[in-house]
Amino acid sequence: MNSSYFVNEITLLKNYPEVTFQKKENILLQGSKANYVYYLSSGICTRNIITEKGDEIVYDMRSADDTVFCLLGALALYLPVPLHETNFTAKTFCVCHKIPAQDFINFLSQHPSIMHELLKLALHRYNFLDKNFQSKQKQSTANRVCSFLAENLYEQNKRYYVKEHLTNTEISRYLGVHRVTIVKIMQALIAEEIVEKTSRGLLIKDIDSLLVYARDEDILKYS
């Protein structure tokens, strides 16, 4: 399907009432009923959860890009008990459009291409969580960190960098791993001259070695 056509379809949701959220304000709250879906038309937010111990785990970050990533809380409508299992929290000032749940379900019935994209999003998130689970089962946390770094690279002047917002603290939140453990793993990667800290963020000096660990072809040792 033509991508511009897809954008035109999904932006029809901007006809719903506009609501705004200040930085750090919750757009959707963990444990609340899935009565609405929010379409993020401006700003950036994170999807996160607060554990019983009070720790925050960040699953992903959403920005207003006119794709299904803008549809906050959409997948919760299809849970056996339609409750939001995560928070959506404004990272910047956010503008959203508030869509009643049944209206959104009707909209998907009329626009199946968007439903297919939501299914892809759901499986992408499942794959992310499954990787985290498998790494803990295999006790290969360091390799999972390498995999996560490889998934979040960008190229600039023929060099690879990790996205700037992914600090040690942020990585620990995304992967549900203690920050001290992340620091130790980063120190091991620096010692092996695979990564280097720069003013632009984390530089990947040896992408091939990083991928060896990311693919579980060898075990990264750290202490």
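Trainee: Describe the overall build of the protein chain, and please don't skip the residues or the numbers.
Mentor: Looking only at helices and strands, the protein chain has 7 helices and 12 strands in total. Relative to its length of 223 residues, the protein chain is compact, with a C-alpha radius of gyration of 19 Å against a globular reference of 17 Å. Partitioning the contacts of the protein chain with sequence separation of at least 6, the portion at a separation of at least 24 is 69%. Working note: accessible area of the protein chain is about 12,500 Å², and carbon and sulfur atoms make up 51% of it. Once the 26 positive and 25 negative side-chain charges of the protein chain are each reduced to a mean point, those two points are 4 Å apart.

Trainee: Residue-level account of the packing of aromatic side chains, with values.
Mentor: Within the structure shown, the criterion is met by 3 aromatic pairs. Measuring from ring centre to ring centre gives 5.9 Å for phenylalanine 21 and tyrosine 38, while their planes differ by 80°; the resulting arrangement is edge-to-face. On the criterion of sequence distance, the pair formed by phenylalanine 21 in strand β1 (residues 18–21) and tyrosine 38 in strand β3 (residues 36–42) is long-range, its members being 17 residues apart. Tyrosine 38 carries the same exposure label as phenylalanine 21, and that label is buried. Seen in terms of ring centroids, tyrosine 154 and tyrosine 161 are 5.8 Å apart; in terms of plane orientation they differ by 25°. Their pairing is stacked. The exposure class assigned to tyrosine 154 is partly exposed, which follows from its relative accessible area of 25%. Note that lysine 98 overlies the ring of tyrosine 36, its terminal NZ or CZ placed 4.3 Å from the centroid.

Trainee: Talk me through the packing of helix α5 (residues 168–175) against helix α6 (residues 179–191); I want residue IDs and the actual numbers.
Mentor: Angle between the axes and distance between the axes: these two values describe a pair of packed helices. With their axes 9 Å apart at the nearest point, α5 and α6 run at an angle of 115° to one another. Taken as a pair, α5 and α6 cross one another with a handedness that is right-handed. Of α6, the residues touching α5 (which contributes Asn168, Thr169, Ile171 and Ser172) are Arg179, Ile182, Val183 and Met186. In the contact of α5 with α6, the residues fall into 4 nonpolar, 3 polar and 1 charged.

Trainee: Lay out the nonpolar core with the relevant residues and their values.
Mentor: When a protein is soluble and globular, its nonpolar side chains tend to lie buried together. One finds Leu13, Ile27, Leu71, Leu72, Phe104 and Leu118 to be the most contacted residues of the largest nonpolar core, which totals 30 residues. Sequence-distant contacts of phenylalanine 104, defined by excluding residues within four places in its chain, comprise Leu13, Val37, Leu71, Ala74, Leu77, Ile99 and Leu118. The next biggest cluster of nonpolar side chains, apart from the first, holds 25 residues, and it includes Leu149, Ile194, Val195 and Tyr213.

Trainee: Account for the sheet that holds strand β11 (residues 195–198), naming residues and giving values.
Mentor: The 4 strands lie next to each other as β9-β10-β12-β11, forming an open sheet whose pairing is antiparallel. Because the sheet does not close on itself, it has two edges, and the strands there are β9 (153–156) and β11. Mean inter-strand twist for the sheet, computed between neighbouring axes without regard to direction, equals 35°.

Trainee: Help me get a handle on the environment of threonine 46, residues and values and all.
Mentor: Relative to the helices and strands, threonine 46 resides in strand β4 (residues 44–50). With a relative accessible area of 11%, threonine 46 lands in the buried category. In this structure the C-alpha to C-alpha distance between threonine 46 and isoleucine 27, which are 19 residues apart in sequence, comes to 9.8 Å. When near neighbours in sequence (up to four residues on either side) are disregarded, threonine 46 contacts Val58, Asp60, Met61, Asn87, Phe88, Thr89 and Lys91. Here the side chain of threonine 46 touches asparagine 48 through a polar contact of 3.3 Å, side chain to side chain.

Trainee: Explain the state of the cysteines to me, and be specific about the residues and the numbers.
Mentor: Tallied over the entire structure, the rule returns 0 disulfides. Just so you know, cysteine 45 is unpaired, no disulfide at all, and the nearest cysteine sulfur is the one on cysteine 94, 5.5 Å from it. Taking the relative accessible area as the measure of exposure, cysteine 94 reaches 0% and is therefore buried.

What counts as what
Residues numbered from 1 in each chain as written. Predicted model: local features only at pLDDT ≥ 70, side-chain atom pairs only at ≥ 80, totals over all residues. Heavy atoms only, no water. Helix = DSSP H or I, 4+ residues; strand = E, 2+ residues; numbered from the N terminus. Rg over C-alpha atoms; globule rule 2.2 N^0.38 Å. Contact = heavy atoms within 4.5 Å. Areas by Shrake-Rupley, 256 points an atom, 1.4 Å probe, with all protein chains shown as cover. Lys, Arg positive; Asp, Glu negative; His and termini not counted. Charge placed at Lys NZ, Arg CZ, Asp CG, Glu CD. Phe/Tyr/Trp six-rings, centres within 6.5 Å; stacked < 30°, edge-to-face > 60°. Buried < 20%, exposed > 50% of the residue type's maximum accessible area, 1.4 Å probe, protein only. Lys NZ or Arg CZ within 6 Å of the ring centre and 35° of its normal. Axes fitted to C-alpha atoms, helices over the stretch in contact; angles between N-to-C directions. Left-handed = near helix turned anticlockwise from the far one by under 90°. Nonpolar A, V, L, I, M, F, W, Y, C, P; charged D, E, K, R; others polar. Core = buried A, V, L, I, M, F, W, Y, C linked by side-chain atoms within 4.5 Å. Pairing = 2+ DSSP bridges. Polar contact = N/O pair within 3.5 Å; in protein donor to acceptor, adjacent residues only side chain to side chain. Disulfide = S-S within 2.5 Å.

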